Amino acid sequence: MGTIDEAAAGSLREALRGRVITPHDPGYDEARTIYNAMIDRRPAAFARCADVADVRATIAFARDRGADLAVFGGGHSGPGLCLVDDGLVLDLTPMRWVRVDPESDTVQVGGGSRLGDLDHAAHAFGRAVPSGIMSTTGVGGLTLGGGHGHLTRRYGLTIDSLLSADVVLADGSYVTASPDNHPDLFWALRGGGGNFGVVTSFTFQLHPVGTVGVAVTVWPVDRTPEVLRWYREFLPAAPEELSGFFAVLAVPPGPPFPEPLHGRKACAVVWCCTGDLHGDRLEEVLAAVDEPAPPAFHFTTPMPYPGLQTMFDTLIPAGLQWYWRGDFFDAIPDGAVDVHHKYAENLPTALSTMHLYPVDGAAHRVGPGDTAWAYRDALWSGVIGGIDPDPANAELVREWCVDYWSDLHPHSMGGSYVNFIGEQEGTDRVRATYRGNYDRLAAVKRAYDPDNLFHANQNIPPAPE
Ligand SMILES: Cc1cc2nc3c(=O)[nH]c(=O)nc-3n(C[C@H](O)[C@H](O)[C@H](O)COP(=O)(O)OP(=O)(O)OC[C@H]3O[C@@H](n4cnc5c(N)ncnc54)[C@H](O)[C@@H]3O)c2cc1C
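Just so it is clear, the model here is predicted, and its values are computed rather than measured.

1. A closer look at the sheet that holds strand β17 (residues 353-358)
Piece 1. One open sheet accounts for seven strands, arranged β15-β12-β14-β13-β17-β18-β16; its pairing is antiparallel. Two strands bound the open sheet, and with one partner strand each, they are β15 (297-304) and β16 (321-329). When strand polarity is set aside, the average angle formed by the axes of neighbouring strands in this sheet is 15°.
Piece 2. Bridge count for strand β13 (residues 242-250) against β17 is three bridges, and the pairing is antiparallel. What sits directly across from valine 248, in β17, is methionine 354.

Okay, structure coming up:
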């Protein structure tokens, strides 16, 4: 790989409107600080791209000098795929903008935007795009991986609302990928990760979402088996207006949770409902939470959608140690129930957690070969997160996560949501993510990035000639 010295950085500076930051510049440590504090990488330079011209110039620079290249969207990647040691980071953070078009009921979003930017702009029009559950996550990485959250059962994955994407390719050309233009690229972008180019803007279909009904139900940890056996039947049969992700956790030490519960190990479901499922009807549907065991806490409230989307931002802020792993599930058999109960009882730190995100409903109405996202038959996308503020606990949370995952994996469908792969775990794990779509993805990679310039991701190497 080529190196970037100060003279080279100087020539990049001349080419860009945005800032170039090297280890000698103020702001370097801030630039390399990402959401997961377990990641400590020292890139040779950051190219803060202000526009498409800057993105093209940065790609040309990396290509011509043989520099190792990473693309920085929102910086939320667990394994820190947005940073490379000694290489060049194409940083999209200046490209945070959102333009709602009420006439076509669509929204265009800059490649460096965060979910909160999108939620805020769309909410002003009583609209939303299904995405993830925290406002600080990047639209870029989340969308390219697929994207799931509270609205998935109702309106599908984030990629199911994607209408087109503007992309700078490895050879510097600039294209709009859509069903009619570069359809193979458009197919691959919807779930294939950052393998195919730098997306400078995304255009999404909007959906009518304003105020949502939010509920949180918490049960004591020793009731985890009964709750899971009830949840695995209840949720898939529930109307698509209702979503609810299951979690094992320690109860957060603040409102709305009553003080005696603070810090107690527990299991919980965080519910979100859209459409007509409000008020009395919601209470009626959620009366079922008493069935498995009396909840220790149950709370419902209407909330503007962006309020729900920011609910966890302060609970798990940037700067914590994170280690995560995931898998898809089409069932929660009794063996899996036992595993969840065991690791819930042995939660290593107050912030460590496991979530099962529903990916059924509207997400099932798209075929497994229609986009790169191959698990259209999964009911849940699971993630185990070992989390703690103290770097001294990094190994503890990593071990809990790996042990939990190893015991649970035999009950899974075999592959993980690409955005929940905890490290660059190699081709087998990536193949398991894409199942029957892998070979087509490798062929699209060969067509659009034959030299694998974009490899700081869950990499799909170009198919051989
Ligand atoms: C606290 C937390 C909560 C999360 N919750 C959810 C959730 O509810 N639902 C969900 O689906 N996922 C969730 N995720 C996972 C999230 O989708 C991934 O971490 C995702 O990669 C984050 O994207 P980013 O742009 O912030 O990350 P980055 O670290 O900036 O980038 C991640 C990858 O995407 C590539 N990339 C980013 N932007 C672009 C672009 N514009 N063009 C080309 N490549 C790009 C990068 O090169 C890198 O390979 C969560 C993550 C965290 C940390």
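So, next bit.
2. Topic: the side chain of asparagine 452
Piece 1. Of note, asparagine 452 is situated in the segment after α14 (438-448).
Piece 2. Asparagine 452 has contacts with Lys445, Asn459, Pro461 and Pro462, leaving out every residue within four places of it along the chain.

3. Remarks on the site of the ligand
Piece 1. If you check the shell around the ligand, you find 34 residues, and the closest are Val71, Gly73, Gly75, His148 and Tyr417.
Piece 2. For the ligand, an oxygen atom lies 2.8 Å from a polar atom in the backbone of glycine 75.
Piece 3. A distance of 3.4 Å separates an oxygen atom of the ligand from a polar backbone atom of leucine 142.
Piece 4. For the ligand, whose free accessible area comes to 950 Å², the fraction covered by protein is 97%.
Piece 5. Listed by contribution, the elements that provide at least two residues to the shell around the ligand are β3 (69-72), α5 (139-145), β10 (198-205) and β16.
Piece 6. A per-element tally of the shell around the ligand places α5 first, with four residues.
Piece 7. Classifying every residue of the shell around the ligand by side-chain character gives 17 nonpolar, 17 polar and no charged.

4. Some remarks on the pairing of strand β8 (residues 162-168)
Piece 1. Taken across its seven residues, β8 has six buried, putting it largely inside the fold.
Piece 2. Two strands pair when backbone bridges link them, and β8 and β10 are joined in this way by six bridges, in the antiparallel orientation. Across the sheet, residue aspartate 166 finds its bridge partner in β10, namely serine 201.
Piece 3. Sheet topology places β8 next to strand β9 (residues 174-177); four bridges connect them, and they run antiparallel. Pairing of valine 168 across the sheet is with tyrosine 174, part of β9.

What counts, and at which threshold
- Residues numbered from 1 in each chain as written.
- Predicted model: local features only at pLDDT ≥ 70, side-chain atom pairs only at ≥ 80, totals over all residues.
- Heavy atoms only, no water.
- Pairing = 2+ DSSP bridges.
- Helix = DSSP H or I, 4+ residues; strand = E, 2+ residues; numbered from the N terminus.
- Axes fitted to C-alpha atoms, helices over the stretch in contact; angles between N-to-C directions.
- Contact = heavy atoms within 4.5 Å.
- Near = heavy atom within 4 Å.
- Polar contact = N/O pair within 3.5 Å; in protein donor to acceptor, adjacent residues only side chain to side chain.
- Areas by Shrake-Rupley, 256 points an atom, 1.4 Å probe, with all protein chains shown as cover.
- Nonpolar A, V, L, I, M, F, W, Y, C, P; charged D, E, K, R; others polar.
- Buried < 20%, exposed > 50% of the residue type's maximum accessible area, 1.4 Å probe, protein only.

Geometric values such as these leave the question of function open.
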